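Report on the structure
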Amino acid sequence: ALTLAGHETTANTLSWMLWELAKHPHFQDKLRSEIRDKREEVSLREAGVVDGHVEFCMDDLESMTFLQAVVKVSCSSDRPMARYLCTDIAALTL
């Protein structure tokens, strides 16, 4: 039951985030651009390329400020599922 609950919570939050991005194409474009720029930066590092695939590390993900903002807004919205997800994430990172 715990696995299912975690799965549903994550799926609902990600679905909501993607829905909001779809409704706001300018934010979607900005996020896509940030990810594309970071992917290019990572691919230039020799350590970031494994069998032709770009490998992002946690520092890369944390350095994407707009992505971080999108995730935080998704978690901070006034939806019950978002509150549970963000509480779980906060507990894991402390």
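The structure this text deals with has already been given above.
Residues numbered from 1 in each chain as written. Predicted model: local features only at pLDDT ≥ 70, side-chain atom pairs only at ≥ 80, totals over all residues. Heavy atoms only, no water.

**Quick look at the overall build of the chain**
Test applied: Helix numbers and strand numbers start at the N terminus; a helix is a DSSP run of H or I with at least 4 residues, a strand a run of E with at least 2. We call two residues contacting when some pair of their heavy atoms lies within 4.5 Å.
Tallying secondary structure elements over the chain gives five helices and two strands in all. Tracing the chain from N to C terminus, the helices and strands come up as α-α-β-β-α-α-α. Looking at the chain alone, contacts between residues at least 24 apart form 49% of all its contacts between residues at least 6 apart.

**Notes on the nonpolar core**
Across soluble globular proteins, nonpolar side chains have a tendency to be buried as a group. So the rule is basically this: Residues belong to a common nonpolar core when they are buried Ala, Val, Leu, Ile, Met, Phe, Trp, Tyr or Cys residues joined through side-chain atoms within 4.5 Å. Buried means the residue's accessible area, taken with a 1.4 Å probe over protein chains only, is under 20% of the maximum for its type, while exposed means over 50%, and partly exposed covers the values in between.
Counting residues in each nonpolar core, the largest one holds seven residues, listed as M17, L21, L31, M64, F66, L67 and V70. When contributions to this core are tallied by element, the ones reaching two or more residues are α1 (2–23) and α4 (65–76). Considering each element in turn, this core owes the most residues, three residues, to α4. Excluding residues within four positions of it along the chain, F66 makes contact with F27, K30, L31 and E34.

**As for a nonpolar patch on the surface**
Keep this limit in mind: Patch membership needs two things, relative accessible area over 30% and no salt bridge, and members are linked within 9 Å if like-charged or within 5 Å if nonpolar (Val, Leu, Ile, Met, Phe, Trp, Tyr). The accessible surface values rely on the Shrake-Rupley method and a 1.4 Å probe; as for residues, cover is taken only from the protein chains in view. The working definition used for a salt bridge is a side-chain nitrogen of Lys or Arg within 4 Å of a carboxyl oxygen of Asp or Glu.
Taken together, the side chains of I35, F56, M58 and L61 define a hydrophobic patch exposed on the protein surface, amounting to about 320 Å² of accessible area. You can see I35 is positioned in helix α2 (residues 25–44).

**So, the packing of α2 against α4**
As a reminder of what qualifies: Angles run from 0 to 180 degrees between N-to-C directions of axes, and those axes are lines fitted to C-alpha atoms, restricted for helices to the stretch in contact. Oblique is the label for every angle not falling under 35 degrees (roughly parallel), over 145 degrees (roughly antiparallel), or within 65 to 115 degrees (roughly perpendicular). Each residue is assigned to one of three groups, with Ala, Val, Leu, Ile, Met, Phe, Trp, Tyr, Cys and Pro labelled nonpolar, Asp, Glu, Lys and Arg labelled charged, and all others, Gly among them, labelled polar.
Running from amino to carboxyl end, α2 crosses α4 at an angle of 130 degrees, the nearest separation of the two axes being 8 Å. Judged by the inter-axis angle, α2 sits oblique to α4. Residue-level inspection shows F27, K30, L31 and E34 of α2 in contact with α4, the latter providing T65, F66, L67 and V70. When its residues are assigned to classes, the contact of α2 with α4 shows five nonpolar, one polar and two charged.

**Some points on the pattern of salt bridges**
Pairs may arise between side chains of opposite charge once their charged atoms sit close together. Under the definition given, this model contains three salt bridges. Of the charged contacts in the structure, one is a salt bridge between K38 and E41, with a shortest N-O distance of 3.2 Å. Here the residue K38 and the residue E41 both occupy positions in helix α2, the gap between them amounting to three residues, near one helical turn. Since its relative accessible area comes to 11%, K38 is described here as buried.

**Examining α2**
What sets the pattern is the α-helix's 3.6 residues per turn: residues three or four places apart point alike. Our working rule: A helix is expected to span 1.5 Å multiplied by its residue count minus one. Directions drawn from the helix axis to the C-beta atoms are what define this arc.
The terminal C-alpha atoms of α2 lie 28 Å apart, and with 20 residues this matches the ideal 28 Å at 1.5 Å per residue to within 8%. Turning to α2, its buried residues number three or more, namely L31, E34, K38 and V42. For α2, the angular spread of buried residues about the axis comes to 70 degrees, placing them on one side. Among the exposed residues of α2, those pointing more than 90 degrees away from its buried face are E40 and L44.

**Comments concerning α4**
Its twelve residues place the ends of α4 16 Å apart at the C-alpha level, agreeing with the 16 Å of an ideal helix rising 1.5 Å per residue. The complete set of buried residues in α4 reads F66, L67, V70, S74 and C75.

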